[in-house]
Amino acid sequence: MESQMKRLKEEADIKTVVDALGIPVERKGMNYFLCCPSPEHDDTNPSAYFKDGWNNIYCNSCCRAFKALDVIMMTAGWDIKEAANYLWELEGCPDWFVASEEERMSFSLTPQEARTIGLRPSGEAACCVSYGDMKRPLRLNEHYAPHVTYGYLKVKNTRVSWKDFMSEQEFAGLVIRKAAEAAETYRRYGMKRETDQAIAVLRRAAKARQAWERLSA
Ligand SMILES: [Zn+2]
């Protein structure tokens, strides 16, 4: 397990990971610059970079390299198991990586599958982090002009995923509905390959849901 994890880490193409997570990068010559993924480093002026073919991001300020699993955990806020599963899917589910029973039960989509059925499983949301200066208390269900409420709430754009809002079972349910819809639309337009892909996603989600139902029965 230890060496599998290591291999998963070493073989990861960092550009694929960064793109999948939707992290903004700026290309300058051979280098891709981005903000340091470390939560301890409040980086606003991109000081981390990587090059094509690298398996890590290097931060010039922290003097530290971040591998794919670190970047996924730091960006998505997942634990190592979830991050490993995500990375495994990004790497095209290599069969030398044997996920544990519990991990095999977990259901998620590859970015490509998500696109096929028109879902965005992760993205950014403005989350409240603190209140600003309370000039006077605001009352619920009352409308205020923007200049009155300005400065009350401090929000920060944070990465969120479906895991912040629903269980894996609920997610599988959502995927089943979306995949059925997508398959129907693709079929109507005669897009055979996309139809098949959507149906494959639907089957996998349905199978995962059945497994949970058996388990909880
Ligand atoms: Zn840094």
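Thresholds applied
Residues numbered from 1 in each chain as written. Predicted model: local features only at pLDDT ≥ 70, side-chain atom pairs only at ≥ 80, totals over all residues. Core = buried A, V, L, I, M, F, W, Y, C linked by C-beta atoms within 7 Å. Buried ≥ 20, exposed ≤ 12 C-beta atoms within 10 Å, placed from the backbone. Helix = DSSP H or I, 4+ residues; strand = E, 2+ residues; numbered from the N terminus. Contact = placed C-beta atoms within 7 Å. pLDDT = per-residue confidence, 0-100. Arc of directions from axis to C-beta. Axes fitted to C-alpha atoms, helices over the stretch in contact; angles between N-to-C directions. Left-handed = near helix turned anticlockwise from the far one by under 90°. Nonpolar A, V, L, I, M, F, W, Y, C, P; charged D, E, K, R; others polar. Pairing = 2+ DSSP bridges.

A. Up close: the nonpolar core. Judged by nonpolar contacts, the single largest core of 24 residues is most densely connected at Ile14, Val17, Ile57, Ala68, Ile72 and Leu87. Within the residue set of this core, elements represented by two or more residues are α2 (14-21), β2 (31-34), β3 (48-51), β4 (56-59), α3 (68-76) and α4 (80-90). Residues within four places of Leu87 in sequence aside, it is in contact with Leu8, Ala12, Ala68, Leu69 and Ile72. Counting 15 residues, the second-largest nonpolar core is a separate cluster that includes Ile117, Ala179, Ala183 and Ala208.

B. Just the confidence of the model for the protein, in detail. Per-residue confidence for the protein averages 84 on the pLDDT scale, and 86% of its residues sit at or above 70. Looking across the protein, the model is least confident in helix α5 (residues 101-105), with a mean pLDDT of 53, and most confident in β3, with 97.

C. Inspection of α3 at higher detail. Looking only at α3, the buried set comprises Ala68, Val71, Ile72 and Thr75. Projected down its long axis, α3 carries its buried residues within an arc of 100 degrees, all on one side.

D. Quick peek at the packing of α3 against α4. At a closest axis distance of 9 Å, the pairing of α3 and α4 adopts a crossing angle of 115 degrees. Read as a crossing pair, α3 and α4 show a hand that is right-handed. Along its contact with α3, which presents Ala68, Leu69, Ile72 and Met73, the element α4 presents Ile80, Ala83, Ala84, Tyr86 and Leu87. By residue class, the composition of the contact of α3 with α4 is nine nonpolar, no polar and no charged.

E. Focus on the environment of Glu11. By secondary structure assignment, the location of Glu11 is in helix α1 (residues 2-11). Glu11 sits in the partly exposed class, given 14 other C-beta atoms within 10 Å. Between the alpha carbons of Glu11 and Gly53 there is a distance of 9.9 Å; along the sequence they are 42 residues apart.

F. Spatial organisation of the pairing of β2. Burial along β2 is one-sided: the face carrying Tyr32 and Leu34 is buried and the face carrying Asn31 and Phe33 is not. Taking the residues between adjacent antiparallel strands as the criterion, strand β1 (residues 26-28) and β2 are bridged by two residues, where Gly29 takes a positive phi near 65 degrees. In terms of strand pairing, β2 meets β3 through four bridges, oriented antiparallel. Bridge pairing links Leu34 to Ala48 in β3.

G. Broad picture of the sheet that holds β4. The strand order β1-β2-β3-β4-β5 describes an open sheet built from five strands, whose pairing is antiparallel. For this open sheet the edge positions go to β1 and β5 (64-67), each flanked by a neighbour on one side alone. Averaged over all adjacent pairs, the angle separating strand axes in this sheet is 30 degrees, with direction ignored. Sheet strands touched by α3: β4 and β5. Its angle to β5, the strand with the most contacts, is close to 80 degrees.

H. Just α4, in detail. Along α4, the positions that sit buried rather than exposed are Ala83, Ala84, Asn85, Tyr86, Leu87, Trp88 and Leu90. Just downstream of α4 lies Gly92, where phi reads positive at about 85 degrees.

I. Region of interest: unusual backbone geometry. Even without being a glycine, Cys63 presents a positive backbone phi close to 55 degrees. Residue position: Cys63 is located in the loop between β4 and β5. Its 7 C-beta neighbours within 10 Å are what place Cys63 among the exposed residues.

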